[in-house]
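Descriptive analysis of the structure
Listed below, chain by chain, are the residues.
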Amino acid sequence: TNVTLNEVDIEITSGKGALRGFSDDDAFKFDEVSVTIDVTTVRSGPVVIKEIVFQGPAVAYEFGDNDVSNLDQLNKNVQSKVGGGDKSAKKSGDSPNIVIENLYLRGGSVSVVGPLLNEKLGVSMPTIHLKDIGKDGKGATPEEIADQVMQAILKGAQDAVTNAKIDVSKLTGVAMEQVGKAAEDAKKVLE
């Protein structure tokens, strides 16, 4: 997945850093991602990240004619990476395993897009807080972390849409099928 990044601010000695202004083909945008790492764990592994904060995540939740959303497809892609291979067999040069004590997505919004909408519907996304990722073993791989974060974002977006009482079936091909059926029924009545 392509990612665009505008600015990086890293303090090596304190283990703090921030990434600003990046997106993934507009499916996700973040104002800033700040990270606090326990620098004493960088060489010993697993690397302990005390906190990651995604500030102002903007999620585009887009539905296609086939009732599959872009987030469902991204989640499917992440699942295929996590499921592909033996997780216990670590090769040299692989990324280190990681423990994330706290991961937050704060101040987020979801834009709902569908083929039958003339404009995006915007709703607030609840704060997402994940704790102790990878803490129950020897840490988690980046793929396992991506899977957990993607699951949380998908659920957060779905909850935001549900709480806003948006009927997703009206945004997708299901609605088109219903319109087609109504047109057929009307034609029969006219005949």
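Above: the structure in question.
Residues numbered from 1 in each chain as written. Predicted model: local features only at pLDDT ≥ 70, side-chain atom pairs only at ≥ 80, totals over all residues. Heavy atoms only, no water.

**Considerations on the overall build of the chain**
- A tally of regular secondary structure across the chain gives three helices and nine strands.
- Element order for the chain, N to C, with α for helix and β for strand: β-β-β-β-β-α-β-β-β-β-α-α.
- Residues counted as buried form 36% of the 191 residues belonging to the chain.
- In the chain, 61% of the contacts between residues at least 6 apart in sequence involve partners at least 24 apart.
- For the chain, the exposed area adds up to about 11700 Å²; of that, 50% sits on carbon and sulfur atoms. (Helix = DSSP H or I, 4+ residues; strand = E, 2+ residues; numbered from the N terminus. Buried < 20%, exposed > 50% of the residue type's maximum accessible area, 1.4 Å probe, protein only. Contact = heavy atoms within 4.5 Å. Areas by Shrake-Rupley, 256 points an atom, 1.4 Å probe, with all protein chains shown as cover.)

**Things to note about unusual backbone geometry**
- In this chain, G45 is followed by P46 through a cis amide linkage whose omega measures -10°.
- Among the secondary structure elements, P46 is positioned in the loop between β3 (28–37) and β4 (47–55).
- Even without glycine at this site, D132 takes up a positive phi of about 55°.
- Looking at where D132 falls in the secondary structure, it is placed in strand β9 (residues 128–133).

**Some thoughts on the environment of L103**
- Its place among the elements puts L103 in strand β6 (residues 98–106).
- With 51 residues separating them along the chain, L103 and I52 place their C-alpha atoms 4.7 Å apart.
- Other than its neighbours up to four places away in sequence, L103 contacts I52, F54, I128, H129, L130, I133 and V149.

**A look at the pattern of salt bridges**
- Across all of its chains, the model carries three salt bridges by this definition.
- When the shortest N-O distance is used, the salt bridge between E101 and K135 registers 3.9 Å. With E101 in strand β6 and K135 in the loop between β9 and α2 (142–163), this residue pair connects regions lying 34 residues apart in the sequence.
- On the accessibility criterion, E101 (22% relative accessible area) is partly exposed.
- The exposure class assigned to K135 is partly exposed, which follows from its relative accessible area of 45%.
- Between K155 and D159 there is a salt bridge; the shortest N-O distance is 2.8 Å. Here D159 and K155 lie together in helix α2, a separation of four residues that amounts to about one turn.
- Under the relative-accessibility criterion, K155 is labelled partly exposed at 48%.
- Residues participating in the shared-partner salt-bridge network are E101, D132 and K135. (Salt bridge = Lys/Arg side-chain N within 4 Å of Asp/Glu carboxyl O.)

**Quick notes on the pairing of β3**
- Relative to strand β5 (residues 58–62), β3 runs antiparallel, the two being bridged by two bridges. Bridge pairing in β5 places F28 opposite V59.
- As judged from the six bridges shared by β3 and β4, these two strands associate in the antiparallel manner. Among the inter-strand pairings, T36 is bridged to a residue of β4, identified as E51. (Pairing = 2+ DSSP bridges.)

**Points about the packing of aromatic side chains**
- Scanning the model with the defined rule gives one aromatic pair in all.
- It is R106 that lies over the ring of Y104; its NZ or CZ is 4.1 Å from the centre. (Phe/Tyr/Trp six-rings, centres within 6.5 Å; stacked < 30°, edge-to-face > 60°. Lys NZ or Arg CZ within 6 Å of the ring centre and 35° of its normal.)

**Considerations on a nonpolar patch on the surface**
- The grouping of V8, I10 and I12 at the surface amounts to a nonpolar patch, some 310 Å² of accessible area in total.
- With respect to the helices, strands and loops of the structure, I10 is situated in strand β1 (residues 7–11). (Patch = residues over 30% accessible without salt bridge, like charges linked within 9 Å, V, L, I, M, F, W, Y side chains within 5 Å.)

**Section: the environment of E11**
- By secondary structure assignment, the location of E11 is in strand β1.
- The exposure class of E11 is partly exposed, given its relative accessible area of 43%.
- Between the alpha carbons of E11 and T36 there is a distance of 9.6 Å; along the sequence they are 25 residues apart.

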